[in-house]
Amino acid sequence: QKQGETVRIAVDGDTYGIYSLQEDKEVWIQSERGRNKVIIREGQVSMEFADCPDQYCVKHHAIHARGETIVCLPHRVVVEISSDGETDTEIDGIAQ
């Protein structure tokens, strides 16, 4: 898999932010469903905190390669690695 260049964070399908993997950053996401904290560090992205009940997103390994995702279903947060700031996600075979 190819190393990604950017990470796109979406909440309810809307872009919350697009960030470079080359710059270390903490991103707090606050929505009506809850809070999440995404960490970008040394070219990798992880979900460090979520106040959702299942914690699957927090337990997910750090991602760095194009097309990799971390999803917090209860909060409808999707963290996705891409190469150019655009999403590579396909739903039902249709590029989004």
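Our subject is the structure that appears above.
Computed from a predicted structure; not experimentally measured.

**Examining the sheet that holds strand E5 (residues 44-50)**
Here is step 1 of the chain: On the basis of which strands lie adjacent, the open sheet formed by three strands has the order E3-E4-E5 and antiparallel pairing. With partners counted over all chains shown, the strands left at the sheet margins are strand E3 (25-31) and E5, one partner each. Each neighbouring strand pair of the sheet contributes to a mean axis angle of 20°, computed without reference to strand direction.

**Re the pattern of salt bridges**
Here is step 1 of the chain: Per the counting criterion, the structure on display carries five salt bridges.
Here is step 2 of the chain: Lysine 37 is the salt-bridge partner of glutamate 26, the closest N and O atoms lying 3.5 Å from each other. One end of the pair, glutamate 26, is in strand E3; the other, lysine 37, is in strand E4 (residues 34-41), with 11 residues separating them in the sequence.
Here is step 3 of the chain: Judged by its relative accessible area of 49%, glutamate 26 is partly exposed.
Here is step 4 of the chain: For lysine 37, a relative accessible area of 11% translates into the label buried.
Here is step 5 of the chain: Salt-bridge contacts for glutamate 48 lead to lysine 37; the nearest nitrogen and oxygen are separated by 3.0 Å. Here glutamate 48 is found in strand E5, whereas its partner lysine 37 is found in strand E4, with 11 residues between them in sequence.
Here is step 6 of the chain: Sharing partners across several salt bridges, the network here consists of Asp12, Glu32, Arg33 and Arg76.

**So, the state of the cysteines**
Here is step 1 of the chain: On inspection of all chains with the given rule, the structure shows zero disulfides.
Here is step 2 of the chain: Free of any disulfide, cysteine 52 has its nearest cysteine sulfur in cysteine 72, 3.8 Å distant.
Here is step 3 of the chain: Here cysteine 52 falls in the buried class, since its relative accessible area comes to 5%.
Here is step 4 of the chain: You can see cysteine 57 has no disulfide; the closest cysteine sulfur is in cysteine 72, sitting 3.8 Å from it.

**Quick notes on the nonpolar core**
Here is step 1 of the chain: Ranked by size, the top nonpolar core spans 20 residues in total, and within it Val7, Ile9, Val38, Val45, Met47, Val77 and Val79 carry the most contacts.
Here is step 2 of the chain: For this core, the elements supplying multiple residues, two or more each, are strand E1 (6-11), E3, E4, E5, strand E6 (69-72) and strand E7 (77-82).
Here is step 3 of the chain: Non-local contacts of valine 7, meaning those with residues more than four positions away in its chain, are made with Gly17, Ile18, Tyr19, Leu21, Ile40, Val45, Val79, Glu80 and Ile81.

**So, the sheet that holds E1**
Here is step 1 of the chain: Across the sheet, which stays open at both edges, the four strands sit in the order E2-E1-E7-E6 with antiparallel pairing between neighbours. Of all the strands in the sheet, the pair left with one neighbour each is strand E2 (14-20) and E6. In this sheet, adjacent strand axes meet at a mean angle of 15° when their direction is disregarded.
Here is step 2 of the chain: As paired strands, E6 and E7 are joined by four bridges and run antiparallel to one another. By the bridge assignment, threonine 69 is partnered in E7 with glutamate 80.

About the criteria used
- One numbering rule holds for all chains: residues counted from 1, following each sequence as written.
- Confidence filtering applies because this is a predicted model: local features only for residues at pLDDT of at least 70, side-chain atom pairs given and counted only at 80 or more, and all residues used for totals across whole chains, interfaces and linings.
- Note that the side-chain values use all heavy atoms of the structure and ignore hydrogens as well as water.
- Any two strands between which DSSP finds at least two bridges are classified as paired.
- Under the scheme used here, helices are H or I runs from DSSP no shorter than 4 residues and strands are E runs no shorter than 2 residues, and both carry numbers assigned from the N terminus.
- To get an axis, fit a line to the C-alpha atoms, keeping to the stretch in contact for a helix; angles then go from 0 to 180 degrees between the N-to-C directions.
- Here, a salt bridge means any Lys or Arg side-chain nitrogen found within 4 Å of an Asp or Glu carboxyl oxygen.
- Exposure classes here rest on a 1.4 Å probe applied to the protein chains alone. A residue is buried below 20% of its type maximum, exposed above 50%, and partly exposed in between.
- In this description, a disulfide is simply a cysteine sulfur pair whose atoms lie within 2.5 Å.
- We call a set of buried Ala, Val, Leu, Ile, Met, Phe, Trp, Tyr and Cys residues a nonpolar core when their side-chain atoms join them within 4.5 Å.
- Working rule for contacts: check all heavy atoms of both residues, and any pair within 4.5 Å makes them a contact.

Note that every value here comes from positions in space, so none of it alone points to a role or purpose.
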